[in-house]
Amino acid sequence: MEFEATVEVQLKEGIADPQGSTIENATPKLGFNGIENVRVGKSIRFTITAKDETEAEKTIQELCEKFLTNPVIENAIIHLQGAE
Amino acid sequence: MNPTIGVIVFPGSNCEQDALEAVTSLGANSRLLWHDSSDLGDVDGVIIPGGFAHGDYLRPGAIARFSPAMESVITFAQSGRPVLGICNGFQILTEAGLLPGALQKNRGLKFLCKPVKLNVRTTNSVLTSQTTKDDSLTIPINHFEGNYTCSDETLKELHDEDRILLTYENNPNGSIGDIAGICNDQRNVVGLMPHPERACHPLLGSIDGQPLLHSFIESSSS
């Protein structure tokens, strides 16, 4: 089965995010008020062929641990969807 | 016989010639090693230089660690021989699991390129054996992601095992514990953000990188 996967990579709580801070600092200057806690992450999309959803999820989790994230500073959220 | 230092070159490395020139000027033989080959030849020590290996795509060091040369560097390191990662090389060594922790973006949101003062915390490593404890060294930094971070347990381990080699006198980037350089538990794999190879000639404004690279060359000879 083929699945569409999206992996959201986010910096862990407490890890400095200069891009997020810069965006946040710019918002009031552009007239947008009340914007806080801006965090910038990465979104990695791909398709994966696996026996079933459980197997796909397991493979992606391993991929995240070994390659797509640095577990010392980043978390991953995996979204999976059957491709039609 | 003088030792031979191999300097690994990745696509995007940009300090390999500086490293080669510095160790050669200090009496070592040296050669460049292309990342795509797992053959390190007869080198006695390995330097992973600064730059932007593989464009720093995904994360600094994330792709470089899977290069064939890195598999050999891991075996080389496990056999107790000296490995030095400078700047991007330090990031690659943490990604490869040869050194603990990670390098995050600088506190203060700035790319930093300036000389900084470092203090030698221990002389027990392949990078600091020829220095004196508490020496103050002036060496340039040149990075955006040099803010060292690790878990509390790792930090305690680094302290307890005397594995913090160099600290910043005035922390420029937010590194935990002012850490500028560390070593592994065998003390033969070292990583630091500052560039000793850029402080090896009076024309460059400092020769304080010499005792560090001397130490590394000396460790490679034995």
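Quick note: structure is the one above.
Residues numbered from 1 in each chain as written. Chains lettered and ligands numbered in written order. Predicted model: local features only at pLDDT ≥ 70, side-chain atom pairs only at ≥ 80, totals over all residues.

## Regarding the nonpolar core
Next, step 1: With 67 residues, the main nonpolar core has Ile8(B) and Val23(B) as its most contacted residues.
Next, step 2: Top element by residues in this core is helix H2 (residues 68-78) of chain B. It accounts for five residues.
Next, step 3: Not counting chain neighbours up to four residues away, the residues in contact with Ile8(B) comprise Leu33(B), His35(B), Val46(B), Ile48(B), Ala69(B) and Val73(B).
Next, step 4: In this structure, Phe3(A), Val7(A), Ala56(A) and Leu68(A) belong to the second largest nonpolar core, which totals six residues. (Core = buried A, V, L, I, M, F, W, Y, C linked by C-beta atoms within 7 Å. Buried ≥ 20, exposed ≤ 12 C-beta atoms within 10 Å, placed from the backbone. Helix = DSSP H or I, 4+ residues; strand = E, 2+ residues; numbered from the N terminus. Contact = placed C-beta atoms within 7 Å.)

## Observations regarding the sheet that holds strand S3 (residues 45-48) of chain B
Backbone-to-backbone hydrogen bonds pair the strands of a sheet. The strands run either parallel or antiparallel.
Residue and element names in this part refer to chain B.
Next, step 1: The strand order S2-S1-S3-S4-S11-S10-S9-S6-S7 describes an open sheet built from nine strands, whose pairing is mixed. Only two strands of the sheet have a single neighbouring strand rather than two, namely strand S2 (29-34) and strand S7 (136-143). Neighbouring strand axes in the sheet, compared pairwise and without regard to direction, differ in orientation by 25° on average.
Next, step 2: In this sheet, S3 lies alongside strand S1 (residues 4-9) in parallel orientation, the contact comprising three bridges. Looking at S3, one finds that Ile-5 is bridged to Gly-45.
Next, step 3: In the packing of H2 onto the sheet, contacts are made with S1, S2, S3, strand S4 (83-86) and strand S11 (189-192), and the angle to S4 comes to roughly 130°. (Pairing = 2+ DSSP bridges. Axes fitted to C-alpha atoms, helices over the stretch in contact; angles between N-to-C directions.)

## With respect to the pairing of S4(B)
All names here are of chain B.
Next, step 1: Side-chain alternation along S4 places Val-83 and Gly-85 on one buried face and Leu-84 and Ile-86 on a second face that is also buried.
Next, step 2: Two elements, S3 and S4, share three bridges in a ladder whose sense is parallel. Paired with Ile-48 across the bridge in S4 is Gly-85.
Next, step 3: Remark: the S3/H2/S4 crossover connection has right-handed handedness. (Right-handed = clockwise from strand over helix to strand, strands pointing away.)

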